[in-house]
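Each chain is listed here by its residues.
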Amino acid sequence: MEALGSNGAFWGWKLPDIRRPKRPSPSKSKSSDSTVESTGGGGHHFPLKQAVTAASLALTGDTIAQLNDRWRKRKQSVSDSSDTSKDIMSSVISHHDWLRALRMTTYGFLLYGPGSYAWYKFLDHCLPHQTAQNIMLKVLLNQIVLGPCVIAVVFAWNNLWLGKLSELPNKYQKDALPTLFYGFRFWVPVSLLNFWVVPLQARVAFMSTGSIFWNFYLSSTLSK
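Here the structure is a predicted model, which is why all the values come from computation and not from measurement.

### Here we look at the packing of aromatic side chains
Item 1. Scanning all chains against the criterion turns up nine aromatic pairs.
Item 2. Between the aromatic rings of Phe181 and Phe184, the centroid separation amounts to 6.0 Å while the plane-to-plane angle is 55°, which identifies the pairing as tilted. Pair noted here: Phe181 and Phe184 are both in helix H6 (residues 168-196), with a separation of three residues, about one helical turn.
Item 3. Taking relative accessible area as the criterion, Phe181 reaches 47% and is therefore assigned partly exposed.
Item 4. Taken together, the ring pairs connect Phe186, Trp187 and Trp214 into an aromatic cluster.
Item 5. Between Lys171 and the ring centre of Phe155, over which it is positioned, the NZ or CZ distance is 5.9 Å.

### What to know about the pattern of salt bridges
Item 1. All told, the structure shown has three salt bridges when counted by the stated rule.
Item 2. Two residues, Asp62 and Arg100, come together in a salt bridge whose shortest N-O distance is 2.8 Å. With a gap of 38 residues between them, Asp62 in helix H2 (residues 48-77) and Arg100 in helix H4 (residues 98-126) connect regions that are remote in the sequence. This pair shows no difference in class: Asp62 is buried, exactly as Arg100 is.
Item 3. Residue Asp175 is joined to Lys171 by a salt bridge in which the shortest nitrogen-to-oxygen separation is 2.9 Å. Taken as a pair, Asp175 and Lys171 lie in helix H6 at a separation of four residues, close to a single helical turn. Both residues of the pair, Asp175 and Lys171, belong to the buried class.

### What about the UniProt feature "transmembrane region" (unreviewed entry) in the protein?
Item 1. The sites that carry the UniProt feature "transmembrane region" (unreviewed entry) are, in the present numbering, residues 139-160 and 180-198.
Item 2. Taken end to end, residues 180-198 has its terminal C-alpha atoms 24 Å apart, with 89% of it in helix and 0% in strand.

What counts, and at which threshold
- Residues numbered from 1 in each chain as written.
- Predicted model: local features only at pLDDT ≥ 70, side-chain atom pairs only at ≥ 80, totals over all residues.
- Heavy atoms only, no water.
- Phe/Tyr/Trp six-rings, centres within 6.5 Å; stacked < 30°, edge-to-face > 60°.
- Helix = DSSP H or I, 4+ residues; strand = E, 2+ residues; numbered from the N terminus.
- Buried < 20%, exposed > 50% of the residue type's maximum accessible area, 1.4 Å probe, protein only.
- Lys NZ or Arg CZ within 6 Å of the ring centre and 35° of its normal.
- Salt bridge = Lys/Arg side-chain N within 4 Å of Asp/Glu carboxyl O.
- UniProt positions renumbered as here; feature names shortened; annotations may be inferred.

Here you go:
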């Protein structure tokens, strides 16, 4: 019988398979339906967790930058007065710029969080193997693609909120390149550690922690 071949093959002729196809079990069908439903039916969904994480860390970095700037200015202005550190701290907290904080928070939630999440998924999809060549390529792409995009978007977002889009070209000429070069010095070693040492499940948390220091510098640069 084996000479006839499998699935009814006879002398090179392949007959149709008349066996009844297997039906998927109800539990598998239900789980697949729930998966499609949770991802919005088409497999795409808004990365809420990453957006909230980026927003909270952007707010943290901006808050640290604001407190640091006002603490130094206030301390210099009262160096010869009799105000105590408690008076200085209360003055620093009471003059917090909440609109500036909202600008950075919405940037993290709407733009940086979802955008960086999609970018890292794209990199892992294109370069899935943890080889030295792939790691270095990811770090390089991070700096020459993601870095300039982030700086361009955050500068435009800040000037849009301030109603100063006409001043955006001057802002790019004055601060974009120094910010980008500073970002190279900061993000190259951070990205190298992220892709090389940190496991995939913890990469978002690791990069988000590094973003606190980056958001501190970025918020200080945008407020000039």
